[in-house]
Amino acid sequence: MKSRYHSVYEGWLQDPAAFWAEAAKDIHWFTPPETIFDKDQGVYGRWFVGGETNTCYNCIDRHVAEGRGAERALIFDSAMTGEKRILTYDELLVEVQAVAAVLKGLGVGKGDRVIIYMPMVPEAIFSMLACARLGAIHSVVFGGFAAHELATRLDDSEAKVVISASCGLEPGRVVAYKPLLDQAVDMAKVKPDCCLILQRDQMHAVLRYEHGDMDFAQAVEAEKVKGTVVACEPVAATDPLYVLYTSGTTGQPKGVVRDNGGHMVALNWTMRNLYGVERGEAFWAASDIGWVVGHSYIVYAPLLAGNPTVVYEGKPVGTPDAGAFWRIVEEYDVKVLFTAPTAFRAIRRDDPDGDLVAKHDLSGMRALFLAGERADPETLKWAERVLKVPVVDHWWQTETGWPIAANPLGLGLLPVKHGSPTLPMPGHAIEVVDDAGHPVPAGTLGNIVIKLPLPPGCLVSFWKADERFRTACLDEFPGYYKTADAGMVDEDGYVFVMARTDDIINCAGHRLSTGAMEEVCAMHPDVAECAVIGVADALKGQIPCGFLVLKNRVERDPSLITREIVDLVRNEIGPVAAFRTVMIVNRLPKTRSGKILRGTMQKMADGLPWRMPATIDDPVILDEIGEILAKHGYSCNRQALSA
Ligand code: COA
Ligand code: AMP
């Protein structure tokens, strides 16, 4: 079948408002929008102004009202506990309504913030939807973050209520969430009124009733017994649905704000047109609700479009083996699987010949989508070979909420170029510019930017920080959104995303800021200065690597200091930082103006070609860095290219 992509993209380009007005017809509106796009509202304009809607209504009630209440809505499968649970829309409505009733009873209403700090359990999704039902704004915090990160989010969001669990389950260890939450609440300047705690059988938490703790299950059960009905609160299309904090260039995370109307319109459009699934077909985003992929494609998009969604607690490998994904795909007849390339590298490492793939009937699976980091062609080709379905690399960010570039299965696949996430999706006009903002010729590396306005579903601003949003994303290239990704567009329009232009690294599909890690290392009393860079890793894509200069006269055992610093990062940011490699150096390489040459150090560590920076202060320091890297087992490139 010839792809309809080009005609659809052209249609959008000709008349963006008409394109999105058409897509908006698939959403239920209490009051239809008066204006599809108002360029004078918000930071760069706002979508569907005047419209009133409710995201929870569109995800659940609407399906029930249309007679699909008995269909599968949410499939929960825990490889950690063996628990399996399938909920229909009718059942999901009961659960979500009960959580909404509890929140309402606690005084949560339109515009109030609720933090959700939970493992991958259905109650986490019920809680997100319950907030949406009330018009409250949720902010989900990934379970692998430590107390300090949680406290930062409590303060910034000024959350009224926190919903959490007694524990999360990681292979070989039970992660006690409650002590982390207690520490965070104690640390935070803005305390929540109440913490609702889901007690899990694997570990019960001690509730601090004097601090307003409540047992989640008991409270919800009481509302179910009462049969409390909580109607969906009509909210403006432009009202926030959620704030998702993501790594920025400092230790202070950025609260990405997503609205209700544009978000629903865009996500709903992608399910059929991009992912190629029809109503009723199971969709599985093997991610975590703490990340944007989880928000968009575990929770909202599948439920909006009427696709049963899989909520999986487990890992791609080791729970119990590299066949875990294939068991799920077969058992629930998953049509489309979406995950991060790192998960596939882990599966390939443990099952190189695809023996475990062959043990399962995957005949229903139509495609695999990969995102979150660059899909290395080797892994991609391996996945194509063992799965025998199209493997689609697609590119997006927490900020955009849905794919910027992809190969749209629903519109008909385009020819694949390995290493490229293919072409821009409608809504996104991509350009590549040099540092001065001038367009570069096809095939030339530069800054990837998106022409404003951003399409529906992208961030509208940072939480309470319009100016920070402008400075970080809009000011550098006027008229464009700066993706902070570097890459190129070739002569066929294919996009190639190569690297970040800031200090963000992607470690095992998790977005981390090396700047934030530097801030933590610098807190150690023995550290004079430090640099953290991301170095290539065969499994995780990149891992952080710290270089520390100790203060004069520090005579303590250096191995003790490095251990303390590893622990400090783990305790301040969380285990997800995967910060284990620390090297003590005498000096850091810098330019004459004092800028640390992180990029050069990274190229050396990765064994890539590099040039001696013309502005380097003392080239000998790079020799010292090379020596230390070699001592730590890096097959680094110590020789600069000749000029
Ligand atoms: N709660 C608490 N701790 C968590 C956690 C969570 N939700 N998620 C990860 N961690 C911990 C891990 O247990 C690990 O702890 P450890 O240092 O004690 O071993 C640490 O954080 C680092 O985790 P990770 O980098 O994920 O490494 P891993 O070895 O546990 O797993 C993979 C490696 C590749 C299997 C795993 O990272 C993975 O499945 N990645 C896919 C990620 C993804 O889907 N991203 C979303 C984008 S689509
Ligand atoms: P996150 O906000 O966690 O989704 O991370 C977004 C960043 O991940 C992007 O800015 C890219 O650097 C990277 N990324 C995501 N998907 C891809 C992809 N398909 N190819 C290359 N990089 C990607």
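**A word on the nonpolar core**
- Formed by 124 residues in total, the largest nonpolar core has its most connected members in Trp20, Leu103, Leu129, Tyr275, Tyr297, Tyr300 and Phe338.
- If we ignore the near neighbours within four places in the chain, the residues touching Leu129 are Cys56, Cys59, Ile60, Leu92, Val96, Val299, Tyr300 and Leu303.
- Membership of the second largest hydrophobic core comes to 68 residues, among which are Ala159, Val175, Ile561 and Leu629.

**Considering the pairing of strand E28 (residues 504–507)**
- Judged from the four bridges that link them, E28 and strand E29 (residues 510–513) form a sheet pairing that is antiparallel. In the sheet register, Cys507 faces E29, and the bridge partner there is His510.

**Things to note about the site of ligand 2**
- Contacts to ligand 2 come from 14 residues, most closely from Asp393, Thr398, Asp485, Arg500 and Arg511.
- Between a nitrogen atom of ligand 2 and a main-chain N or O atom of Gly372, the distance comes to 3.1 Å.
- Against a free-state accessible area of 490 Å², the protein chains account for coverage of 94% of ligand 2.
- Classifying every residue of the shell around ligand 2 gives three nonpolar, five polar and six charged.

**Observations regarding the side chain of Asn273**
- Mapped onto the fold, Asn273 is located in helix H9 (residues 261–273).
- Among the residues examined, Asn273 registers a relative accessible area of 15% and is labelled buried.
- Setting aside its immediate chain neighbours within four residues, Asn273 contacts Arg4, Pro408, Leu409, Gly410 and Leu411.

**A look at the site of ligand 1**
- The immediate surroundings of ligand 1 are formed by 23 residues, with Glu170, Arg173, Lys540, Arg570 and Arg580 found nearest.
- Contact between ligand 1 and Glu170: an oxygen atom at 2.5 Å from a side-chain N or O atom of the residue.
- Within the backbone of Ala508, one N or O atom sits 3.4 Å away from a nitrogen atom of ligand 1.
- In isolation ligand 1 has 950 Å² of accessible area, and contact with the protein removes 84% of it.
- Across the shell around ligand 1, the residue classes break down as eleven nonpolar, six polar and six charged.
- Each of domain 1 (5–413 + 421–487) and domain 2 (508–631) gives at least three residues to the shell around ligand 1.

**Some details on unusual backbone geometry**
- In this model, Thr319 is joined to Pro320 through a cis peptide bond whose omega is 0 degrees.
- Tracing the chain through its elements places Pro320 in the loop between strand E17 (309–313) and helix H11 (324–332).
- A cis geometry characterises the amide bond from Leu452 onward to Pro453, with omega recorded as 0 degrees.
- Although it is not a glycine, Thr422 sits at a positive phi angle of roughly 75 degrees.
- Looking at where Thr422 falls in the secondary structure, it is placed in the loop between strand E21 (405–406) and strand E22 (423–424).
- A positive phi is found at Ala484, a non-glycine position, where the angle reads about 65 degrees.
- Assessed through its relative accessible area of 8%, Ala484 is described here as buried.

**A look at the domain arrangement of the protein**
- The assigned domain composition of the protein is domain 1 (5–413 + 421–487) and domain 2 (508–631).
- Taken over C-alpha atoms, the centre of domain 1 sits 32 Å from the centre of domain 2.
- With 23 residues of domain 1 at the interface, the matching set in domain 2 holds 19 residues.
- In total, domain 1 and domain 2 occlude about 1600 Å² of area from one another, counting both sides; carbon and sulfur atoms represent 49% of this.

**Focus: the packing of aromatic side chains**
- As enumerated under the stated definition, the model contains 31 aromatic pairs in all.
- Measuring from centroid to centroid gives 4.8 Å for Trp284 and Phe325, while their planes differ by 65 degrees, and the two rings are edge-to-face. With Trp284 in strand E16 (residues 282–285) and Phe325 in helix H11, this pair connects stretches of sequence that are 41 residues apart.
- Looking at Trp284, the relative accessible area reads 0%, which means it is buried.
- Linked through ring pairs, Tyr275, Phe283, Tyr297, Phe338, Phe369 and Trp396 together constitute an aromatic cluster.
- Directly above the aromatic system of Phe145 lies the positively charged group of Arg153, at a separation of 4.8 Å from the ring centroid.
- Taking NZ or CZ as reference, Lys417 lies 4.7 Å from the ring centre of Tyr494, over its face.

Rules of the game
Residues numbered from 1 in each chain as written. Chains lettered and ligands numbered in written order. Predicted model: local features only at pLDDT ≥ 70, side-chain atom pairs only at ≥ 80, totals over all residues. Heavy atoms only, no water. Core = buried A, V, L, I, M, F, W, Y, C linked by side-chain atoms within 4.5 Å. Buried < 20%, exposed > 50% of the residue type's maximum accessible area, 1.4 Å probe, protein only. Contact = heavy atoms within 4.5 Å. Pairing = 2+ DSSP bridges. Helix = DSSP H or I, 4+ residues; strand = E, 2+ residues; numbered from the N terminus. Near = heavy atom within 4 Å. Polar contact = N/O pair within 3.5 Å; in protein donor to acceptor, adjacent residues only side chain to side chain. Areas by Shrake-Rupley, 256 points an atom, 1.4 Å probe, with all protein chains shown as cover. Nonpolar A, V, L, I, M, F, W, Y, C, P; charged D, E, K, R; others polar. Domains from an automatic or database assignment. Buried area = accessible area lost by both parts, 1.4 Å probe. Phe/Tyr/Trp six-rings, centres within 6.5 Å; stacked < 30°, edge-to-face > 60°. Lys NZ or Arg CZ within 6 Å of the ring centre and 35° of its normal.

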